[in-house]
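# Chain and residue survey
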Amino acid sequence: MDNVWVTSGSTTIEAMINPVIAACTGDGLDEAFVPDTVYFLDNPGLGDAIAKTKAITETVLEQHGVADPTIETTQIGHETDFGEIVSHFQGAIESARTENAKVAVDVTPGRKFMSVIAFNAGMTFNADHIFYFYLKSSEYYSRAYPEIPQSATELYDFTEVL
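This text gives an overview of the structure that appears in the document. Bear in mind that the values here come from a model prediction, so they are computed numbers and not experimental data.

Moving on: the environment of Val60. Within the element layout of this structure, Val60 appears in helix H2 (residues 49–63). For Val60, a relative accessible area of 8% corresponds to the buried category. Through-space distance from the C-alpha of Val60 to that of Ile17 is 8.8 Å; in sequence the pair is 43 residues apart.

This brings us to the side chain of Thr108. For Thr108, the location among the structural elements is in the loop between strand E4 (102–106) and helix H4 (112–124). A distance of 2.6 Å separates polar atoms of two side chains, one belonging to Thr108 and the other to Asp106. For Thr108, the side chain forms a polar contact with the main-chain nitrogen of Phe133, separated by 2.8 Å. Discounting chain neighbours no more than four positions away, the residues touching Thr108 are Ala15, Pro19, Ser115, Phe131, Tyr132 and Phe133.

What counts and what doesn't
- Residues numbered from 1 in each chain as written.
- Predicted model: local features only at pLDDT ≥ 70, side-chain atom pairs only at ≥ 80, totals over all residues.
- Heavy atoms only, no water.
- Helix = DSSP H or I, 4+ residues; strand = E, 2+ residues; numbered from the N terminus.
- Buried < 20%, exposed > 50% of the residue type's maximum accessible area, 1.4 Å probe, protein only.
- Polar contact = N/O pair within 3.5 Å; in protein donor to acceptor, adjacent residues only side chain to side chain.
- Contact = heavy atoms within 4.5 Å.

Structure follows, in structure tokens:
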């Protein structure tokens with residue numbers, strides 16, 4: 001475990017995969033961030049979106065040189081299980097820290113309250129990066145990263161802003 005990506009889930013696959021791809025390619029970053037371990041948060045309302053996203057994520061990471069990516073899912077009973085959401089982020093960050101891995105928290109996907117919890121966990125538990133993938137136009141919603149002009153995207157790292 002060298003680089004860890006921790007995020008929540010979404011019914012929109014692109015909201016989960018586009019930030020990972022942007023980080024792997026170094027979009028807007030001084031240096032690319034290619035995770036070898038990814039933690040997703042799943043709940044019953046997401047249907048099969050996480051399963052599809054995990055498969056795409058594995059392919060993306062392999063294309064960026066990760067021979068055997070680890071992709072894990074934390075399942076919660078309901079999207080408002082706030083304590084479990086906090087535990088998902090805290091546990092993943094602390095696990096990465098025990099392995100001396102760099103940690104990125106992605107606040108892009110999910111409901112606003114999930115993004116708030118993710119952001120706070122990233123700050124509280126000292127994540128190396130807190131990423132947000134910004135689309136400059138709604139014209140590109142539900143489109144995969146390679147189909148979106150780079151001029152229409154920005155990957156922000158809030159640890160550099162705050």
